[in-house]
Amino acid sequence: MDARDLVRSEKLVRSVRVLCTAQGLRSLRSAWRRRRSDAAGLPRRGTELARVPGAVQGAEPEPGGGVVRFARSSLRVRVTTGGAVFCGWDGAEPEPSYALDGPCPEADERAALEPDTDGGWRVVSERVTVMVGRTGTVEVRTPGGVVLRRDLPPRWWEPAGARGSAGPGAGSGLGSGSAESGPGTGSTAPGPGTGSTGPRLAEPGAGSSEPGAGAAPELAEPGPAEPGLGPGLGPGLGGEGARWLQLSEVAADARFFGLGGRASGPRLRDGVYRLWNTDPGGSFEPGDDPLYLTMPVQLVVADAGTHLVFHDNSWDGTVTLREGEEGAGSGHDRPGGCRTRLEGGPLRYWVIVGTTPARVLNGWTALTGAPAVPPRWALGHHHARWGFHDAAEVRRVVAGYRERDLPLSALHLDIDHLAGHRVFTVDGTRFPDLPGLAAELLEDGVRLVSIVDPAVKAEPGNTVYESGAADDVFVRDARGREVRGVVWAGESAFPDFTDPRVRKWWGGLYAERLAQGFSGVWHDMNEPVSFAAFGETTLPRSARHALEGRGGDHREAHNVYGLAMARAGYEGLCELRPDERPFLFSRSGWAGLQRYGGSWSGDVATGWAGLRASLSLVIGLGLSGVPYSGPDIGGFTGSPSPELYLRWFQLGAYLPLFRTHSAISAGRREPWEFGSRVLEHAAAALRERQRLLPYFTTLAQLAARTGAPYVRPVWWRTPKDRALRDCEDAFLLGDALLVAPVLEEGARRRPVRLPRGRWYDTVTGRAYHGPGQVVLDAPLSGIPVLARAGSVVPVAAPGGGVELEVWTPSQGRKGAGAGTLAVDKGDGWEKPELLRFATRLRDGEVTIELEGGGEVGYPIRVRGEAPPSEDRRGPRTS
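Residues numbered from 1 in each chain as written. Predicted model: local features only at pLDDT ≥ 70, side-chain atom pairs only at ≥ 80, totals over all residues. Heavy atoms only, no water.

Participant: So what exactly am I meant to see when it comes to the overall build of the chain here?
Facilitator: On a plain count of helices and strands, the chain comes out with 14 helices and 45 strands. The buried share among the 878 residues of the chain stands at 61%. Within the chain, contacts between residues separated by at least 24 positions form 71% of all contacts whose residues are at least 6 apart in sequence. Counting only carbon and sulfur atoms, one obtains 50% of the accessible surface of the chain, whose full area is about 31,900 Å². (Helix = DSSP H or I, 4+ residues; strand = E, 2+ residues; numbered from the N terminus. Buried < 20%, exposed > 50% of the residue type's maximum accessible area, 1.4 Å probe, protein only. Contact = heavy atoms within 4.5 Å. Areas by Shrake-Rupley, 256 points an atom, 1.4 Å probe, with all protein chains shown as cover.)

Written out as structure tokens, the structure reads:
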């Protein structure tokens, strides 16, 4: 018996034990119901024909670009006023879309469709050029002609007789066959970190003047349909019944990031990444994939430029990545590759290009909406636990923080405060006066945050269920029967959040949470999860959804379910308390989640691997457009060692969501539970977080205006630095601070790779110069944090208010620095003023000026040793 056999045996034993309980029997029955429902509600696919676009036939100009017509398809290319490029095959339009923030951006009237010299077409605009080859290859180029991305002609697999499959030349040279001839969903493919890179990407055929010319792009080892799915896939958005595949090429030096929350990263290495929001069950570590929040959003960084590609399609699918390789000497480069395959829905995507990731994410924010700004208190420390027994225990925990002079902003109540785990209820025995408890804690500056799950227990007497049933808000199956699943409360129904009417109903229910004294909510179990003894732990794929009136099933609605729930909660809270910014974060979601709040890591495993995965998730979500997130400090499961807990806590103090949390069966997470030494160092981290609150509130406002995440990869300002592109164990907090957490047990020193410029150790004030690598002390008392020379960091002044911490600039004009302060206007909707400052070192004296002139208006404290005139570089680095 090897290690894998042992794990399987343990899981089998646990499963048998669970099945012997009442909840286990319900989950077994639910799994059988799901299987029967899909067998009856999803038509079998039968014979399929493969299709490629064929030869170009002509083109028709449109505002921002035009439509290029091929023998067996058409491609719409549109460049918007912001420079974003939309590509839609088979007549796909940008709308409707769950990702876009309102109507599609206006087309760039200056973009022109022109014939190309090789028989294709091109769309030329000020910011980007799109080349469309004569057989369907699409190249996205910089204005200077550098190719950032090359998408080869797509291939569709569709039922025989469907639109396009019987058109001219359909099947010529392509053949037909059963569902097994098409690409599978990849759900059984090993994820990244499992020791397999999954299906490889085939190289374009030689001997053609254009990749893929005259034939479909070849696939090495085409995967079969997912075993166990049984029924085939029906029409999706716009009537597309075809599964499709798109192969893409990027520069040989390119690196991939994003795809939502991934435990392996933030750099996404060769492997298969599934696009299906999934509760991994129990806990997860690096290599587990997929997780709760997946997005078809890739950020690709190369020397030639940065671009983001977003496939606006919520169906199940996979993205297979393969990094390129530069040829030695005169050898040829092998480009990086991406293989995107979806099980239905439209083939449409957006590409946003820019010289830096900051510009690209600014464009992404303009397309999908500004991140919600959390209230100021939500940027402090949060404490949570699944397992607070009663109100007395809550009071004891809060008193423990108060007695030890530890800052605490919020305390979260998990499902154990609910009556029988029923949503929008309170266990009156254990919490007899919850509004009174909330008011009492608020006097100490501590707010209550409530968990909210989507499932509603289906039983007579449950007012939430009876109200929903009367209004017909729950998901139904293909026969019109209410879909039932199993969650903590027992057999439950699930609201259809893709229906505006249901979102309105659900949002009104948050009045009960506000009346109980809660100041915010966190959404859980909203992938959505339904316990099952076997198969997928979600709703039947045949379950019917409104999809904003278009109609469809769970195959299309699954990935946007959490997003639509977040919208319902956010809009409801805005309506109930119109003068306050809501606080909401969600375990699951999709592209556009940032409009309604943030996310958190979910049930990360307790261990050093889980600590590393925490950082990966936060950076990856930020590069996918969700800037506010954080992990369960200490891990969700088990009992961390004092050292592991402390290192996790020190990391969390520099992340947007700073929250300790654990399972009911796990050890405690209060700082004093790990001994006096850990308490001392954790208290120092808490005080530093409080001191940096003005900086965090500024970063929140900047994220809303520019899309820049709070936590940024170290290559953020210098994406051409290849050594930095491969650095995954440190990050920038805003533009001013570089944080190097300790991710290995027993480490008391660690190497830190620095971006270009002068950097100061924030503890010793010693200066270092980048680019290069230094080795810094990392005692248990704190992790290395460095400040960029010339930066202005707004911090809490010792006597109250805000002061400006200025780090000595380098000599000369190139050494000038800058910083920003968002003037606090409270937790309402008034947009704060952004004050921008510039710093210089002149004749050995540091000066700071307010942009636009006038008095600085804040106390100033200069830190960092002045650079010696004889050596302006500081200590040399390797």
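Participant: Help me understand the packing of helix α3 (residues 357–368) against helix α13 (residues 693–706) in this model?
Facilitator: When two helices pack together, their arrangement is given by the angle between their axes and by how far apart the axes lie. Contact pair α3 / α13: the axes reach a minimum separation of 8 Å and the direction vectors enclose 70°. Taken together, the axes of α3 and α13 lie roughly perpendicular to each other. Across the interface between the two elements, Leu361, Asn362 and Thr365 from α3 touch Ala704, Arg705 and Thr706 from α13. In the contact of α3 with α13, the residues fall into 2 nonpolar, 3 polar and 1 charged. (Axes fitted to C-alpha atoms, helices over the stretch in contact; angles between N-to-C directions. Parallel < 35°, antiparallel > 145°, perpendicular 65-115°, else oblique. Nonpolar A, V, L, I, M, F, W, Y, C, P; charged D, E, K, R; others polar.)

Participant: Just checking my understanding: could you explain the packing of aromatic side chains for this structure?
Facilitator: Remark: the centre distance and the inter-plane angle together describe each pair of aromatic rings, the angle taken between the planes. For the coordinates displayed, the defined rule picks out 32 aromatic pairs. Between Trp522 and Trp600, the aromatic rings sit 5.4 Å apart at their centres with planes inclined by 80°, giving edge-to-face as the arrangement. Of the two residues, Trp522 sits in strand β27 (residues 518–523) while Trp600 sits in the loop between β31 (598–599) and α10 (608–623), which places them 78 residues apart along the sequence. By relative accessible area, Trp522 is classed as buried at 1%. Judged by its relative accessible area of 3%, Trp600 is buried. Each member of the aromatic cluster is reached from another via a ring pair, and the members are Phe424, Tyr465, Phe474, Phe497, Trp505, Trp506, Tyr510 and Tyr561. (Phe/Tyr/Trp six-rings, centres within 6.5 Å; stacked < 30°, edge-to-face > 60°.)

Participant: So what exactly am I meant to see when it comes to the sheet that holds strand β2 (residues 56–62) here?
Facilitator: Sheet strands line up and pair through hydrogen bonds in the backbone, either parallel or antiparallel. Read across the open sheet, the 8 strands follow the order β2-β3-β4-β5-β20-β17-β16-β14; overall the sheet is antiparallel. Lying at the two open borders of the sheet, with one neighbouring strand each, are β2 and β14 (255–260). Taking each pair of neighbouring strands and ignoring which way they run, the sheet shows an average axis angle of 15°. (Pairing = 2+ DSSP bridges.)

Participant: How should I be thinking about the environment of Pro43 in this particular structure?
Facilitator: Turning to its location among the elements, Pro43 is positioned in the loop between α2 (22–41) and β1 (48–51). For Pro43, a relative accessible area of 53% corresponds to the exposed category. The spacing of Pro43 and Ser542 is 499 residues in sequence and 9.5 Å in space, taken between C-alpha atoms.

Participant: Can you walk me through the sheet that holds strand β26 (residues 490–493) in this structure?
Facilitator: With antiparallel pairing, the 3 strands of this open sheet are ordered in space as β24-β26-β25. With partners counted over all chains shown, the strands left at the sheet margins are β24 (456–457) and β25 (484–487), one partner each. As judged from the 4 bridges shared by β25 and β26, these two strands associate in the antiparallel manner. Counted as the bridge partner of Val486 is Glu491 from β26. The sheet contacts of α2 involve β25 and β26, and relative to β25 the element is tilted by about 150°.

Participant: Just to check I follow, could you spell out the pattern of salt bridges for this structure?
Facilitator: When the charged atoms of two side chains with opposite charge come close together, those side chains can pair. Applying the stated criterion across every chain yields a total of 70 salt bridges. For Arg748, the salt bridge goes to Glu643, with nearest N and O atoms at 3.2 Å. Here Arg748, found in the loop between β36 (737–739) and β37 (749–761), pairs with Glu643, found in helix α11 (residues 642–652); they are 105 residues apart in sequence, far enough to count as distant. Residue classification places Arg748 among the partly exposed residues on the basis of a relative accessible area of 36%. (Salt bridge = Lys/Arg side-chain N within 4 Å of Asp/Glu carboxyl O.)

Participant: Please explain the nonpolar core as it appears in this structure.
Facilitator: Most often, soluble globular proteins keep nonpolar side chains buried together rather than apart. Residues Trp506, Phe731 and Leu733 are the most contacted members of the largest nonpolar core, which totals 187 residues. In terms of residue count, α10 provides more of this core than any other element does, 9 residues in total. Among residues more than four places away in sequence, those in contact with Leu733 are Tyr654, Tyr695, Phe696, Leu699, Tyr710, Val711 and Val739. Grouped together as the second largest cluster of nonpolar side chains are 40 residues, Val77, Val319, Leu347 and Tyr349 included. (Core = buried A, V, L, I, M, F, W, Y, C linked by side-chain atoms within 4.5 Å.)

Participant: Is there a simple way to explain the side chain of Ser629 in this structure?
Facilitator: Counting through the fold element by element, Ser629 comes out in the loop between α10 and β32 (632–633). Setting aside chain neighbours within four positions, we find Ser629 in contact with Ser599, Val618, Leu621, Pro656 and Leu657.

Participant: Which parts of the structure should I look at to understand helix α9 (residues 561–576)?
Facilitator: An α-helix turns once per 3.6 residues; consequently, residues spaced three or four apart project the same way. Taking 1.5 Å of rise per residue, 16 residues should cover 22 Å, and α9 covers 23 Å from first to last C-alpha, within 8% of that figure. Among the residues of α9, Tyr561, Gly562, Leu563, Ala564, Met565, Ala566, Ala568, Gly569, Tyr570, Gly572 and Leu573 are the ones counted as buried. In this structure, the buried residues of α9 make contact with β23 (447–452), α7 (500–515), β27, β28 (544–545), α8 (554–557) and β30 (584–586). (Expected span 1.5 Å × (residues − 1).)

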